[in-house]
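Given next are the chains, with one letter for each unit.
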Amino acid sequence: MSALRTPQRAALAAALMLVFAGAAQAQHHAGHTPPDPSKTAETQQAQDAHDHSKMGHAAPVKDEAQPEAMDHSKTDHSKMDHGPAPAKDEGHSGMDHSKMGHAPAAAKDDPHAGMDHSQMDHSKMGHGPDAPQQPREPIPPITDADRAAAFPPISQHMEHAREFTSYVLLDRLETGDADHGRSQAWEAGAWFGSDLNRLWLRSEGEREDGRTESADLEVLYGRSVSPWWDVVVGAKHDFQPGGSQDWIAVGVQGLSPYKFEVQATAYIGASGRVAANIEAEYDVLLTNRLILQPVVEAEFNSRDDIARGVGQGFSKLEAGLRLRYEFHRRFAPYVGVVHERSFGATADLRRDEGEAVSDNRVVAGVRVWF
C-alpha cells in the first residue's frame, strides 16, 4: 500500500509543479502590457523639451553690428605701448626682505662672513704657491773684483753741485742786406747766480750803413718764481737813438706752455714816459740739429719822442724767421729773413723824415753760448 501510494504522490507533486509553473509564467508576462499611447505622447514631449538643438548651443550667429576683423597692416604699432605690463603689486613692496633671512645658505654657513679682510696680511697665510727656492738663472759667486768695482776707494769728499753758475748767450750776431745798405745787429743775454737768484744782462742793437741806429744795455735782478718763470727788475740804458736815457725796468721772462720763449718788460723813464717791449720765439726742430726759429717783437710807447723818432702807441713790429744748423750745441750758424714795420705816429714821423716805414732784409749770422 505504501508502495502504491508513493508513485501516486510523485505524480501528484509533478502535476502540481506544472500547474504552479504555468501560473507563474502567466503572471510574469502579465506585467509586459503594451504601452499606453497617451503615455508615449507625453514621453515624446518630454524628450522634445530636452532637445539641445533648440537650446542655442549651435555656433553663434555673426552679429552684423560688430566691427569686422581689424587690418593691422595699416596700424602704426610704433606709437603703441606694447611693453610688458607693469608688475602686479602683490603686496610685498612694503616688506623689508633684508630681515627675513633670504641670504644664500653658503653665506650663513661661512665662518668668515663679516670679517674685514682688507687689514689682513695674506702674504703670510700661505695662500699663494710656494716661492721657488732657486733662481731660474744661476747667480755667479761674488768675487773681490766685483766688490772693488761696486765700492771704489773714495779719494775726494762728496760735494753738492756748484751754487753759483753762469750762462752767456749770443743769440743773434748777424749781418744783412737792408734796403739802405749793409746792416749789422746783435742780441745777447747772460745770467750769473743760483737757480733762484740771478743777475741778468741783456743787450741788443743795430747798425746800418755804418751808423748805430739803436743800442741798449739792461742790468736786472731776476728771481725765480716758478720752475719756468723769472721776475726781473732793474735798469736799462739807451745809447741810441738820440741821446742817452735811462729806464726802470720790470718784467717777466720764461718758458710758456707749448715751449714759447717769452720776454715781456715795461720801462718807466725819468719824465714819466712809459714803454713796453714783448718778444716771443719758438724753436721748431726739423731734425735734432736743423732748427727753424720764428721770432716776433713788438714795442709800445705812451708818449711821443720826436727827437728819437718814436710816436705814441703801437710803434714797431719786427718779425724774423731764421734757420740754423747746430754743428755743436754751443755753436750754430743760421740764415734768415727779417721784416720790420712802423705803425701809427712812429710811421708818420718816419715819413716826415723821408724814411720808409718798412724794411726787409736777408740776414746770416751765428748763435753761440757758453
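Residues numbered from 1 in each chain as written. Predicted model: local features only at pLDDT ≥ 70, side-chain atom pairs only at ≥ 80, totals over all residues. Heavy atoms only, no water.

Enquirer: With reference to specific residues and values, describe the overall build of the protein.
Expert: What the protein contains, in helices and strands, is 5 helices and 13 strands. Among the 370 residues that make up the protein, the fraction classed as buried is 20%. Taking contacts inside the protein between residues at least 6 apart in sequence as the whole, the part at least 24 apart equals 43%. Total accessible area on the protein stands at roughly 27,900 Å², and carbon and sulfur atoms take up 60% of it. (Helix = DSSP H or I, 4+ residues; strand = E, 2+ residues; numbered from the N terminus. Buried < 20%, exposed > 50% of the residue type's maximum accessible area, 1.4 Å probe, protein only. Contact = heavy atoms within 4.5 Å. Areas by Shrake-Rupley, 256 points an atom, 1.4 Å probe, with all protein chains shown as cover.)

Enquirer: Summarise unusual backbone geometry; cite the residues concerned and give the values.
Expert: Cis geometry marks the peptide bond from Gln240 to Pro241, where omega comes out at 5°. Residue placement: Pro241 occurs in the loop between strand E5 (229-240) and strand E6 (245-256). Look at Tyr258: it is not a glycine, yet its phi comes out positive at around 70°. With respect to the helices and strands, Tyr258 occurs in the loop between E6 and strand E7 (260-269).

Enquirer: Please set out the packing of aromatic side chains residue by residue, giving values where relevant.
Expert: Summed over all chains, the structure comprises 8 aromatic pairs. Put simply, the rings of Tyr167, Trp191, Trp200 and Trp369 touch in pairs and so form one group of aromatic residues. A cation sits over an aromatic face here: Arg198 above Trp191, 3.6 Å from the ring centre. Sitting over the face of the ring of Tyr267, Lys236 holds its NZ or CZ atom 4.3 Å from the ring centroid. (Phe/Tyr/Trp six-rings, centres within 6.5 Å; stacked < 30°, edge-to-face > 60°. Lys NZ or Arg CZ within 6 Å of the ring centre and 35° of its normal.)

Enquirer: Describe the nonpolar core, with residues and values.
Expert: One finds Trp191, Trp200, Leu220, Val232, Trp247, Ala249, Tyr267 and Ala275 forming the largest nonpolar core, which totals 8 residues. Excluding residues within four positions of it along the chain, Leu220 makes contact with Arg198, Leu199, Trp200, Arg202, Val232, Val233, Gly234, Ala235 and Ala249. (Core = buried A, V, L, I, M, F, W, Y, C linked by side-chain atoms within 4.5 Å.)

Enquirer: Please give an account of the side chain of Glu279 that cites residues and values.
Expert: With respect to the element layout, Glu279 can be found in strand E8 (residues 274-281). A distance of 3.1 Å separates polar atoms of two side chains, one belonging to Glu279 and the other to Arg172. (Polar contact = N/O pair within 3.5 Å; in protein donor to acceptor, adjacent residues only side chain to side chain.)

Enquirer: Tell me about helix H5 (residues 344-352), residues and numbers included.
Expert: Within H5, the full set of buried residues consists of Thr346, Ala347 and Leu349. Along the axis of H5, the buried positions cluster into a sector of 160°, meaning they face one direction only. Considering only its buried residues, H5 is in contact with strand E11 (313-325) and strand E12 (331-342). Following H5 by one or two positions, Gly354 adopts a phi angle in the positive range, close to 80°. (Arc of directions from axis to C-beta.)

Enquirer: Summarise the pattern of salt bridges; cite the residues concerned and give the values.
Expert: All told, the structure shown has 22 salt bridges when counted by the stated rule. Notably, a salt bridge pairs Arg172 with Glu279, separated by 3.1 Å at the nearest N-O pair. On the criterion of sequence distance, the pair formed by Arg172 in strand E1 (residues 165-178) and Glu279 in strand E8 is long-range, its members being 107 residues apart. Under the relative-accessibility criterion, Arg172 is labelled buried at 6%. Judged by relative accessible area, which is 6%, Glu279 ranks as buried. A salt bridge links Lys236 to Asp238; its shortest N-O distance comes to 3.7 Å. A relative accessible area of 9% places Asp238 in the buried class. (Salt bridge = Lys/Arg side-chain N within 4 Å of Asp/Glu carboxyl O.)

Enquirer: Please provide a residue-by-residue account of the pairing of E7, values included.
Expert: Bridge count for E6 against E7 is 10 bridges, and the pairing is antiparallel. Paired with Leu255 across the bridge in E7 is Glu261. Here E6 folds back onto E7, and the loop between the two strands holds 3 residues, one of which, Tyr258, carries a positive phi near 70°. Both E7 and E8 contribute to a ladder of 8 bridges, which runs antiparallel. By the bridge assignment, Gln263 is partnered in E8 with Glu279. (Pairing = 2+ DSSP bridges.)

Enquirer: Would you mind going over the pairing of E11 in detail, with residue names and values included?
Expert: With 12 bridges connecting them, strand E10 (residues 290-301) and E11 associate as antiparallel partners. Bridge pairing in E11 links Pro294 to Leu321. Where E11 lies against E12, 9 bridges are found, and the strand directions are antiparallel. Within E12, the position partnered with Gly320 by the bridge is Val338. Here E11 hands over to E12 after 5 residues, the two strands then running antiparallel side by side.

Enquirer: Give me the lowdown on the confidence of the model for the protein, citing residues and values where you can.
Expert: For the protein, the average pLDDT comes to 78, and 66% of its residues sit at 70 or higher. In this model, residues 1-5 is a region of pLDDT below 50 whose contacts with residues beyond four sequence positions or in other chains number 0 contacts. (pLDDT = per-residue confidence, 0-100.)

Enquirer: Now, about the environment of Asp352: what can you tell me, with residues and values included?
Expert: Along the polypeptide, Asp352 turns up in helix H5. Looking at Asp352, the relative accessible area reads 64%, which means it is exposed. C-alpha of Asp352 to C-alpha of Gly309: the two residues are 43 residues apart in sequence and 9.8 Å apart in space.

Enquirer: Give me the environment of Gly210: which residues, what numbers.
Expert: With respect to the helices and strands, Gly210 occurs in the loop between strand E3 (197-208) and strand E4 (211-226). When the C-alpha positions of Gly210 and Ser183 are compared, they lie 7.8 Å apart, and in sequence the two are 27 residues distant.

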